[in-house]
Amino acid sequence: MANYLLEMKHITKLFPGTRALDDVNLQVEEGEIHALIGENGAGKSTLMNVLSGIYPYGSYEGDIVFDGNICKFHTIKDSEKAGIAIIHQELALVPYLSIGENMFLGRERGNVLRVNWNETYHKAAELLSLVGLHEDPHTLIKDIGVGKQQLVEIAKAMGKAAKFLILDEPTASLNEDDSKRLLDLLLRFKRQGMTIIIISHKLSDIEYVADKITILRDGATIETLTKGVDDCSEARIIRGMVGRELSNRFPSREKREGEVILEVRDWTVYHPLNENQKVCDNVNIKLRRGEVVGISGLMGAGRTELAMSIFGKSYGRNISGTLLLNGKETHLNSAKAAIDHKIAYVTEDRKTSGLVLGMPIRENTTLAMLSKVSHNKVLNKDMENQVAREYADKLRTKCSGIDQQVGSLSGGNQQKVLLSKWMFAEPEILILDEPTRGIDVGVKYEIYLIINQLVAEGKSVLILSSELPEIIGMCDRIYVMNEGRIVGELMQAEANQERIMATILQSGKGA
Amino acid sequence: MATKNILKKNTMLIALGVVMVLFQVLIVRGDKGSLFAPNNISNLFFQNSYVVILAAGMLLCILTGGNIDLSVGSVVAFVGAMAGTLIVTKGVNIYLSIVICLLLGAAIGAWQGFWIAYMRIPAFIVTLAGMLVWRGLALVTLGGLTISPFPEEYTRYFNTFIPGADASKATVFRTTMLVAVSVCVLAIALQVFSRIQKKRKGYAAESIFLFLFKLLFLCAVVVAIAWLLGLHKGIPVILILLAIVVFIYIYYTTSTVPGRHLYAMGGNEKAAQLSGINTNRVLFGAYTNMGFLSSLAALVVVSRFNSAAPTAGTNYEMDAIASCYIGGASAYGGTGTVGGAVIGAIFMGVLNNGMSILGIDSNWQRFVKGMVLLVAVAFDVISKKRSKAV
């Protein structure tokens with residue numbers, strides 16, 4: 001029997017309403033690089049959070065055996081003590097502190113009354129040379145690139161005497177050269193006896209470094225492939241990632257397509273803070289009346305940014321390109337202008353940018369179109385009541401009454417209130433960003449019915465979703481987006497999960 | 001459950017009642033007169049008129065997201081100085097002076113609002129700067145001296161009573177009660193009318209018991225106050241001004257589109273923006289309005305003290321902010337009512353007044369007020385946490 005450094009046995013983790021992990025088993029041998037792969041929401045990050053103690057012992061079922069001992073991590077500090085270090089996709093560095101200060105944040109050298117800066121920077125420099133980063137440790141984090149920041153994180157982990165490294169999407173924001181350098185570093189660590197788990201969407205990276213690949217799907221382990229033993233081709237991996245059956249979870253609708261109502265030409269958007277980063281790159285899309293179009297892509301593909309920049313330039317800077325509504329070039333410079341031109345954007349994050357949680361259902365429903373329930377800026381509360389009740393009934397929102405605070409509703413019902421708000425704005429074009437995120441299956445179906453009803457009324461819908469079955473099940477036409485660019489367009493008939501995944505992954509390799 | 005909710009919603013009103021009774025007991029036992037002496041009630045209105053006005057404006061600022069305005073005391077001093085210079089020194093027409101002062105206040109507010117809303121400089125910093133700037137200008141305008149007295153022609157709009165000073169005692173009482181009763185009748189008529197409308201359209205209305213209780217309570221308070229005022233000199237003109245201001249701002253916050261925008265912005269600015277609300281304009285409006293109300297308060301204050309002093313308005317911003325928080329406004333914005341802020345202002349006023357009658361050292365008075373503010377807000381925060389946990 002092989003010598004397993006880590007065994008995770010029958011891990012089950014429940015979140016309110018969903019089973020994030022369902023009887024997951026993972027075995028990692030000492031001194032190997034083990035890749036964890038799966039779609040968004042497959043449970044990769046959750047599993048790693050369980051391992052590193054972010055979800056404490058007792059909040060999940062099952063056992064973690066590390067180095068022969070059953071582990072009961074209560075905090076991330078416990079797992080660090082055992083020698084496990086996790087590097088998250090979003091780097092946890094303080095931009096206005098120096099490299100050295102960041103590396104010893106929370107473990108400052110010296111004592112409470114006096115930090116030993118000489119030791120701090122000396123040690124930091126040693127660790128930096130270990131990862132091959134030749135920077136002065138006095139440099140501020142904000143002044144070095146993302147690739148180097150990633151290396152600082154790794155050096156920081158090395159400083160904690162980690163023997164087990166977890167990297168969550170380490171190359172997601174790196175360019176080709178930096179990625180290569182990072183992966184080579186991992187291979188060198190491996191030769192020195194380090195054990196590594198790497199989570200990545202980039203199959204080329206995985207092919208390059210991984211000894212074993214474990215595929216997760218819908219919170220369960222599907223299989224573990226060993227390099228040199230099993231077939232580790234891309235096609236094989238993709239099949240493992242998406243190989244679920246499409247059951248009849250999507251209501252059918254009559255096809256009816258009219259003229260082009262929305263067209264976006266050569267749309268380029270830059271990141272609001274980082275002015276050299278293109279978030280959307282030369283995007284061209286069309287939407288016809290009565291059509292449901294999907295934009296598929298992984299997290300960070302630029303879908304939300306595209307939608308928000310169309311919706312009255314609510315995101316990004318230096319937006320260039322042409323927006324045509326009903327064939328006429330239109331400039332939308334504010335959310336208000338977009339709403340006035342009958343566009344609605346239903347945000348992916350209903351809690352932080354969709355609803356006013358402290359307000360009742362009634363006031364949230366009318367917020368985007370108060371002019372319809374007011375006269376000379378004076379609200380007609382009777383009318384508002386009536387409208388709110390009408391939509392609550394129509395969408396079957398479960399609530400104690402329209403004066404219930406939205407914050408106390410369940411996720412699915414909050415989503416319905418958000419939809420009511422935008423349906424009340426009477427748009428011709430609805431952009432739905434992750435319309436069913438965090439909602440249970442029954443309510444999902446209801447939301448699909450609502451979408452179909454809107455289409456039947458002659459409205460057009462643009463769905464942004466990272467759930468492939470949803471995109472395939474609901475959309476007449478699908479754009480595939482990756483790294484800010486549209487990399488493919490598929491009709492419903494020719495779309496399947498393998499094709500979409502392959503389009504994304506191949507485009508990533510070419511870049 | 002229902003009664004519990006009603007109690008919870010009106011905690012401050014109940015606390016106000018308790019504090020009043022407490023002071024009354026202490027004052028009567030100490031044989032120092034009565035909190036409810038006719039002239040004292042009249043005084044309460046005069047003493048706190050400026051707090052009520054400022055609290056209404058401050059509430060709008062706080063609603064936008066916990067932003068406060070630290071400059072109001074200095075604005076009161078500066079606008080007061082302008083009023084003194086125009087009316088007393090230069091002898092400019094009174095009405096013209098009033099208009100100029102109000103416009104000046106709005107302009108000051110707009111200036112600060114510009115930096116806060118469009119340049120997005122934190123309100124705390126902009127108004128801290130304003131606190132120094134306007135106080136400085138007040139000192140410059142007055143040359144460090146106090147201007148007084150104001151002509152009777154001006155002060156009569158703020159300091160007098162209805163009916164006039166030469167009316168007989170009986171006429172005073174009768175007029176006051178007549179006004180009070182008409183107010184009650186009007187209120188009852190409006191409430192009953194809106195209830196009938198609600199019922200007819202099939203909307204949910206509160207229980208008949210609660211409805212009657214509320215109306216009765218309101219009328220009882222109005223009549224009781226009028227009774228006491230009638231025994232003194234009648235209805236202070238300032239009370240009418242206050243009633244108008246409070247009514248307008250209650251209406252603005254609860255029944256108009258811009259009012260709704262205030263709450264939406266404070267509740268979730270991002271969601272408000274994506275709903276097509278120009279949040280910059282909302283913020284700008286709140287601060288411009290604060291400047292306007294500060295100048296109104298300045299006009300009231302110079303009349304009450306019958307002088308324009310460079311030190312006028314010191315700590316007024318603190319009184320206004322405290323009133324809002326005691327009245328249940330959230331320090332993070334999005335919740336709070338004008339009515340609550342007014343109750344908070346009265347609460348502070350009663351504390352001041354009661355402690356003064358009891359002869360408590362003014363240094364200790366500050367201590368007590370500070371503790372009351374802390375306890376009131378802590379109570380609110382903790383009770384909210386608990387209700388969330390359940």
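From a predicted model like this one, the values you see are computed outputs, not experimental measurements. (Residues numbered from 1 in each chain as written. Chains lettered and ligands numbered in written order. Predicted model: local features only at pLDDT ≥ 70, side-chain atom pairs only at ≥ 80, totals over all residues. Heavy atoms only, no water.)

1. Comments concerning the overall build of chain B
Tallying secondary structure elements over chain B gives 16 helices and 2 strands in all. Relative to the compact-globule value of 21 Å for 390 residues, chain B shows a C-alpha radius of gyration of 22 Å, a close match. Here the C-alpha coordinates of chain B stretch approximately 60 × 60 × 45 Å along the principal axes. Counting over 390 residues, chain B shows a buried share of 47%. The long-range fraction of contacts in chain B, counting pairs at least 24 apart against all pairs at least 6 apart in sequence, stands at 80%. Counting only carbon and sulfur atoms, one obtains 71% of the accessible surface of chain B, whose full area is about 19000 Å². Between the averaged position of the 28 positive side-chain charges in chain B and that of its 11 negative side-chain charges there is a distance of 13 Å. (Helix = DSSP H or I, 4+ residues; strand = E, 2+ residues; numbered from the N terminus. Rg over C-alpha atoms; globule rule 2.2 N^0.38 Å. Buried < 20%, exposed > 50% of the residue type's maximum accessible area, 1.4 Å probe, protein only. Contact = heavy atoms within 4.5 Å. Areas by Shrake-Rupley, 256 points an atom, 1.4 Å probe, with all protein chains shown as cover. Lys, Arg positive; Asp, Glu negative; His and termini not counted. Charge placed at Lys NZ, Arg CZ, Asp CG, Glu CD.)

2. Re the pairing of strand S10 (residues 220-226) of chain A
Residue and element names in this part refer to chain A. Sheet topology places strand S9 (residues 212-217) next to S10; 6 bridges connect them, and they run antiparallel. Within S10, the position partnered with Arg 217 by the bridge is Ala 220. Taking the residues that link successive antiparallel strands as the turn, the S9-S10 hairpin has 2 residues, and the phi of Asp 218 there is positive, at about 50°. (Pairing = 2+ DSSP bridges.)

3. Regarding the interface of chain A and chain B
Contact with chain A, which involves 33 residues of that partner, is made by 22 residues of chain B. Where chain A abuts chain B, roughly 2100 Å² becomes buried across the two surfaces, and 60% of that area is made up of carbon and sulfur atoms. At the surface where chain A touches chain B, the tally comes to 2 salt bridges. Between Glu 363 of chain A and Arg 260 of chain B there is a salt bridge; the shortest N-O distance is 3.8 Å. At the junction of chain A with chain B, the criterion picks out 8 residue pairs in polar contact (both at pLDDT 80 or more). Elements with a contribution of two residues or more to the side of chain A that touches chain B: helix H10 (335-340), helix H11 (350-354), helix H12 (361-366), strand S18 (378-379), helix H13 (381-394) and helix H14 (411-424) of chain A. Broken down by element, the side of chain A that touches chain B gets its largest block of residues, 7 residues, from H13 of chain A. Here the side of chain A that touches chain B is built from residues that sort into 15 nonpolar, 8 polar and 10 charged. (Buried area = accessible area lost by both parts, 1.4 Å probe. Salt bridge = Lys/Arg side-chain N within 4 Å of Asp/Glu carboxyl O. Polar contact = N/O pair within 3.5 Å; in protein donor to acceptor, adjacent residues only side chain to side chain. Nonpolar A, V, L, I, M, F, W, Y, C, P; charged D, E, K, R; others polar.)

4. Description of a nonpolar patch on the surface
Taken together, Phe 114, Tyr 118, Met 119, Ile 121, Phe 124, Ile 125 and Leu 128 of chain B make up a surface patch of nonpolar side chains, about 620 Å² in accessible area. Counting residues per element, the nonpolar patch draws most heavily on helix H6 (residues 123-142) of chain B, at 3 residues. (Patch = residues over 30% accessible without salt bridge, like charges linked within 9 Å, V, L, I, M, F, W, Y side chains within 5 Å.)

5. What about the environment of Thr 304 of chain A?
Residue and element names in this part refer to chain A. Residue position: Thr 304 is located in helix H9 (residues 303-310). Thr 304 sits in the buried class, given a relative accessible area of 12%. Through-space distance from the C-alpha of Thr 304 to that of Asp 266 is 17 Å; in sequence the pair is 38 residues apart. Residues within four places of Thr 304 in sequence aside, it is in contact with Tyr 345, Glu 348, Asp 433 and Leu 464. Polar side-chain contacts of Thr 304 include one of 2.8 Å to the side chain of Asp 433.

6. Re the packing of aromatic side chains
Residues and elements named next belong to chain A. Within this structure, the stated rule accounts for 21 aromatic pairs over all chains. Summarising the aromatic geometry, the rings of Tyr 57 and Tyr 60 are spaced 6.2 Å apart at their centres and angled 85° between planes, so their arrangement reads as edge-to-face. Exposure remark for Tyr 60: the relative accessible area of 7% places this residue in the buried category. Through a chain of ring-to-ring contacts, the aromatic side chains of Phe 311, Tyr 345 and Trp 422 assemble into a single cluster. Directly above the ring of Tyr 55 sits Lys 13, whose terminal nitrogen or CZ lies 4.5 Å from the centroid. (Phe/Tyr/Trp six-rings, centres within 6.5 Å; stacked < 30°, edge-to-face > 60°. Lys NZ or Arg CZ within 6 Å of the ring centre and 35° of its normal.)

7. Quick look at the confidence of the model for chain B
Averaged over every residue, the pLDDT of chain B is 90; residues scoring 70 or more account for 97%. As a predicted assembly, this complex carries a pTM of 0.82 together with an ipTM value of 0.86. (pLDDT = per-residue confidence, 0-100.)

8. So, the domain arrangement of chain B
All names here are of chain B. What the domain assignment lists for chain B is domain 1 (33-165 + 233-389) and domain 2 (166-232). Tallying the contact residues gives 15 residues for domain 1 and 12 residues for domain 2. Carbon and sulfur atoms supply 76% of the area that domain 1 and domain 2 bury against each other, a total of about 1200 Å² over both sides. Ranking the residues of domain 1 by area buried against domain 2 places Pro 38, Pro 163 and Lys 233 at the top, with a combined share of 38%. Here domain 1 and domain 2 share 0 salt bridges between them. When residues of the side of domain 1 that touches domain 2 are traced back to their parent elements, those giving at least two are helix H3 (38-63) and strand S2 (235-236). In terms of residues, the side of domain 1 that touches domain 2 owes the most to one element, H3, which gives 5 residues. (Domains from an automatic or database assignment.)

9. A short note on empty space enclosed by the protein
Residues and elements named next belong to chain A. Summed over the entire model, instances satisfying the criterion amount to 2 cavities of 30 Å³ or more. Here the second largest cavity is characterised by a volume of approximately 40 Å³. In this structure, the second largest cavity is lined by Ile 206, Glu 207, Ala 210, Asp 211, Lys 212, Ile 213, Lys 227 and Cys 232. Looking at the lining of the second largest cavity, the elements with two or more residues in it are helix H7 (203-209) and S9. (1 Å grid on protein atoms, 1.4 Å probe; cavity = no way out; pocket = protein on both sides within 12 Å on 5 of 7 lines; lining within 4 Å. Points joined across faces, edges and corners; volume = space filled by probe spheres on them.)

10. Considering the sheet that holds strand S12 (residues 278-288) of chain A
Residue and element names in this part refer to chain A. Read from one edge to the other, the open sheet built from 4 strands follows the order S12-S11-S14-S15, with strand pairing classed as antiparallel. Both edges of this open sheet fall to S12 and strand S15 (328-329), since each of them pairs with a single strand only. Set on the sheet, H9 makes contact with strand S11 (260-270), S12 and strand S14 (317-325); between it and S12 the angle comes to about 70°. (Axes fitted to C-alpha atoms, helices over the stretch in contact; angles between N-to-C directions.)

11. Concerning the packing of helix H8 (residues 169-200) of chain B against helix H9 (residues 208-231) of chain B
Each pair of packed helices can be described by the angle between their axes along with the distance between the axes. Residue and element names in this part refer to chain B. At a closest axis distance of 8 Å, the pairing of H8 and H9 adopts a crossing angle of 165°. What the angle tells us is that H8 and H9 run roughly antiparallel. For H8 against H9, the interelement crossing comes out right-handed. For the pair H8 and H9, contact is made by Lys 169, Val 172, Phe 173, Thr 176, Met 177, Ala 180, Cys 184, Ala 187, Ile 188, Gln 191, Val 192 and Arg 195 and by Ile 208, Phe 211, Leu 215, Cys 219, Val 222, Val 223, Ala 226, Trp 227, Leu 229, Gly 230 and Leu 231, respectively. When grouped by side-chain class, the residues that make up the contact of H8 with H9 number 18 nonpolar, 3 polar and 2 charged. (Parallel < 35°, antiparallel > 145°, perpendicular 65-115°, else oblique. Left-handed = near helix turned anticlockwise from the far one by under 90°.)

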